[in-house]
Amino acid sequence: MKHVLVAGATGYLGGHITNELKTQKYFVRAVTRNRNKLLNLHPGIDEIIEAEITKPQTLDGCCEGIDAVITTIGITRQKDKLTYMDVDYQGNLNLLTEAKKSGVKRFIYIFIFNTEKIKRLKIVQAKKKFTDALKTSSLNYCLINPTGFFSDMGEFLKMASKGTVYLFGEGKYSINPIDGNDLAKVCVDAIETTEHEINIGGPQVFTHEQIASMAFHVLNKPVKIRYIPLWLKDFILFLLRKFTHEYTYGPVEFLMTVLTMDMVAPKYGYHTLEKYFEELSDE
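A. Focus on the sheet that holds strand S6 (residues 141-146). If you trace the seven strands from one edge of the open sheet to the other, you get S3-S2-S1-S4-S5-S6-S9, paired in parallel fashion. The outermost strands of the open sheet, each flanked by one partner alone, are strand S3 (47-50) and strand S9 (197-200). Taking the axes of each pair of neighbouring strands and ignoring which way they run, one obtains an average angle of 15° across the sheet. Each of strand S1 (3-7), strand S4 (68-71) and strand S5 (106-110) is contacted by helix H3 (residues 84-101), which is oriented at about 170° to S5, the strand it contacts most. Packed on one face of the sheet, helix H4 (residues 122-135) meets S5 and S6 and runs near 165° to S5.

Take a look at the structure:
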């Protein structure tokens, strides 16, 4: 039985990866800041190391006896005022250092699709700096580059539940988001491959307008979409960058940018966004 360390197991994708690893009979060790939270989510996990990814001394020996590392570590919604460089870069670098020290054979990192088009964003700069270090680390690595998660698309459903969905431009940008279960299988299967980079999306491609309409349909509400001019998005981001800190504007900057470009990658999986919306609306 191979031993895998998961960093970020309490998150959306990390949780799905943990479940898939157990389904495939891997021994799972998880690094977490909150042991009780992780046990509540995954009571069947094999081993837990309570540590702070940004404090390297707490990670000492975490990769001993580990065959592969999968990390989803990264800032999504900022709460503790750490920067992307603190977490997405340095935190993952601390883990990489431990993996190298312990002779880990495979290191899998969840990156972002289309990064060349959004490389000026703070979050991408931090993640890219880490991937550069990973590529030169001598470890057998793999970058998984998803277009976006179903959980991200849940924002459309939230807006629709309030009566109006706001879209940038004419709502014609396309994306094929992927379900956490499907993406987790790609991540776990990558342990046994030699691929260094996998671009991945879900089985269906939608325009943002189609996703908005689907959200209203699932909620049985009349479709009401308002279109925001692209110049207004640029103006809002200018003000945010000028008058707020990175931990405030960073998540907004990323969201607004990826919603004003196409994000379509090779199709994979069988879970549908409509089914996800239906399950979300029933909760």
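Moving on from the coordinates now.
B. The side chain of Asp-88, seen in detail. Position of Asp-88 among the secondary structure elements: in helix H3. By relative accessible area, Asp-88 is classed as buried at 0%. Excluding residues within four positions of it along the chain, Asp-88 makes contact with Ile-73, Gly-74, Ile-75, Tyr-109, Ile-123, Ala-126, Lys-127 and Phe-130.

C. Fine view of the packing of aromatic side chains. Counted according to the given criterion, the structure contains six aromatic pairs. For the ring pair Tyr-12 and Phe-149, a centre distance of 5.5 Å and an interplane angle of 35° mean the geometry is tilted. Here Phe-149 lies in the loop between S6 and helix H5 (150-161) and Tyr-12 lies in helix H1 (residues 12-23), a separation of 137 residues in the sequence. Judged by its relative accessible area of 27%, Tyr-12 is partly exposed. Assessed through its relative accessible area of 19%, Phe-149 is described here as buried. Between Tyr-109 and Phe-130, the aromatic rings sit 4.8 Å apart at their centres with planes inclined by 65°, giving edge-to-face as the arrangement. One end of the pair, Tyr-109, is in strand S5; the other, Phe-130, is in helix H4, with 21 residues separating them in the sequence.

Reading guide: rules and limits
Residues numbered from 1 in each chain as written. Predicted model: local features only at pLDDT ≥ 70, side-chain atom pairs only at ≥ 80, totals over all residues. Heavy atoms only, no water. Pairing = 2+ DSSP bridges. Helix = DSSP H or I, 4+ residues; strand = E, 2+ residues; numbered from the N terminus. Axes fitted to C-alpha atoms, helices over the stretch in contact; angles between N-to-C directions. Contact = heavy atoms within 4.5 Å. Buried < 20%, exposed > 50% of the residue type's maximum accessible area, 1.4 Å probe, protein only. Phe/Tyr/Trp six-rings, centres within 6.5 Å; stacked < 30°, edge-to-face > 60°.

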